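Geometric and topological summary
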Amino acid sequence: MEKRKETTQKMEAVAKKLIRYSFLEGVEKWPPECLGLYYQPHRPEKALPKTQKHK
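Residues numbered from 1 in each chain as written. Predicted model: local features only at pLDDT ≥ 70, side-chain atom pairs only at ≥ 80, totals over all residues. Heavy atoms only, no water.

With respect to the overall build of the protein
This is how the line gets drawn: Helix and strand assignments follow DSSP, with helices taken as H or I runs no shorter than four residues and strands as E runs no shorter than two, numbered in order from the N terminus. For every residue, the accessible area obtained with a 1.4 Å probe (protein chains only) is divided by the maximum for its type, and the residue is called buried under 20%, exposed over 50%, and partly exposed between those limits. In this description, accessible areas are obtained by the Shrake-Rupley approach with a 1.4 Å probe, and a residue is regarded as covered only by the protein chains that are shown.
Counting its regular elements, the protein contains two helices and zero strands. Relative to its 55 residues, the protein shows a buried fraction of 0%. For the protein, the accessible surface area stands at approximately 6,500 Å², while carbon and sulfur atoms represent 61% of it.

Written as structure tokens, this is what we have:
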């Protein structure tokens, strides 16, 4: 039972380090990464006809 407790404590320590590292890496980078920057909407290949009104 003692070995299981030690293993659990080691796993918790590793999980804390991974979470802390991944969080700090995202916060400390400049410019910060944002998934919105990678999104590129589909653009029509042809221009809109002149008769169509823009909203």
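So, a nonpolar patch on the surface
Using the following cut-off: Patches here are clusters of residues that have more than 30% relative accessible area and form no salt bridge, with a 9 Å joining cutoff for like charges and a 5 Å cutoff for nonpolar side chains (Val, Leu, Ile, Met, Phe, Trp, Tyr). Any carboxyl oxygen of Asp or Glu that lies within 4 Å of a side-chain nitrogen of Lys or Arg is treated as forming a salt bridge with it.
Where nonpolar side chains cluster on the molecular surface, the patch consists of Phe-23, Leu-24 and Val-27 and spans about 290 Å² of accessible area. Summarising the element assignment, Leu-24 is placed in helix H1 (residues 2-28). Residue Leu-24 is classed as partly exposed on the basis of its relative accessible area, which comes to 34%.

Take it as geometry only, folks, not as evidence of what the structure does.
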